Amino acid sequence: MANTLIQAIAQASHGNSPVKILPVVVYDQSETTTSWDVALGIQAAVNGGATVLNLSLGGTTDSSVLDSIVNQALAQGIVIFAAAGNQPVSSPTYPAAISGVNDVTALSQPGQLASYADFSPQVDMALPGTSIFSYNGTTFAVQGTSPATAYATGIAAGTKGLNCPTWPQIQTSMQQQFPVPKQ
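For clarity, every value in this text was computed on a predicted model and none was experimentally measured.

A. Quick look at the overall build of the protein. Counting secondary structure elements, the protein contains 4 helices and 9 strands. Going from the N terminus to the C terminus, the protein shows its helices and strands as β-β-α-β-α-β-β-β-β-β-β-α-α. Here the protein, with 183 residues, has 42% of them falling under the buried criterion. Of the contacts made within the protein by residues no fewer than 6 positions apart, 60% connect residues no fewer than 24 positions apart.

Structure, rendered in structure tokens:
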């Protein structure tokens, strides 16, 4: 699940939107990163005022350091969405599988799990796994649980910014609106 950033969303004190994006680089120039770098990125986002984190990244091994920093963020009321993984397996991906994290998988079409998507028992919700965007005049198509996670994070942040419901209300509503299809 290569991605160059953790997307952290914090409440802004200016502008038309109550939401701003705070990018935190955890990959640098490499296609891989470490749990330590991800933990440092989460801490930087939290220190920067983040209230929602998008972790469109992951790996198959758990880390006590990553668990600790994620649990500290969750204890502060920060909501975390993380990608379930792009392997059609029922084994967990971390940090998505950490208790309290919203584990997001991908749909290929409404009601149909994408062929590449992780379907672990702890997965909380499923959103579209394809996104098309333009950057510097070039159009890109991306596919995976990372775009699904970005959608989930954006929906949650936008809902919170516009309506001010509680995070548990938003998370419960999203799990009902974006259920994981049965295998």
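B. Geometry of the side chain of Thr105. Here Thr105 shows up in strand β5 (residues 102-109). In terms of polar contacts, Thr105 uses its side chain to reach the backbone carbonyl oxygen of Asp118, at 2.7 Å. The contacts of Thr105, once residues within four sequence positions are left out, are Ala84, Leu113, Ala117, Asp118, Val123, Met125, Ala126, Leu127, Thr145, Ala148 and Val180.

C. Here's a closer look at the nonpolar core. Ranked by internal contacts, the top residues of the largest apolar core, which has 23 residues, are Ile42, Leu53, Leu66, Val70 and Ile80. Put simply, the parts of the chain that give this core at least two residues each are α1 (35-47), β3 (50-55), α2 (64-75) and β4 (79-83). Broken down by element, the residue count for this core peaks at 5 residues, all from α1. What Ile80 contacts, discounting residues up to four positions off in sequence, is Leu53, Leu55, Val70, Ala73, Leu74, Val101 and Asn102.

Rules of the game
- Residues numbered from 1 in each chain as written.
- Predicted model: local features only at pLDDT ≥ 70, side-chain atom pairs only at ≥ 80, totals over all residues.
- Heavy atoms only, no water.
- Helix = DSSP H or I, 4+ residues; strand = E, 2+ residues; numbered from the N terminus.
- Buried < 20%, exposed > 50% of the residue type's maximum accessible area, 1.4 Å probe, protein only.
- Contact = heavy atoms within 4.5 Å.
- Polar contact = N/O pair within 3.5 Å; in protein donor to acceptor, adjacent residues only side chain to side chain.
- Core = buried A, V, L, I, M, F, W, Y, C linked by side-chain atoms within 4.5 Å.

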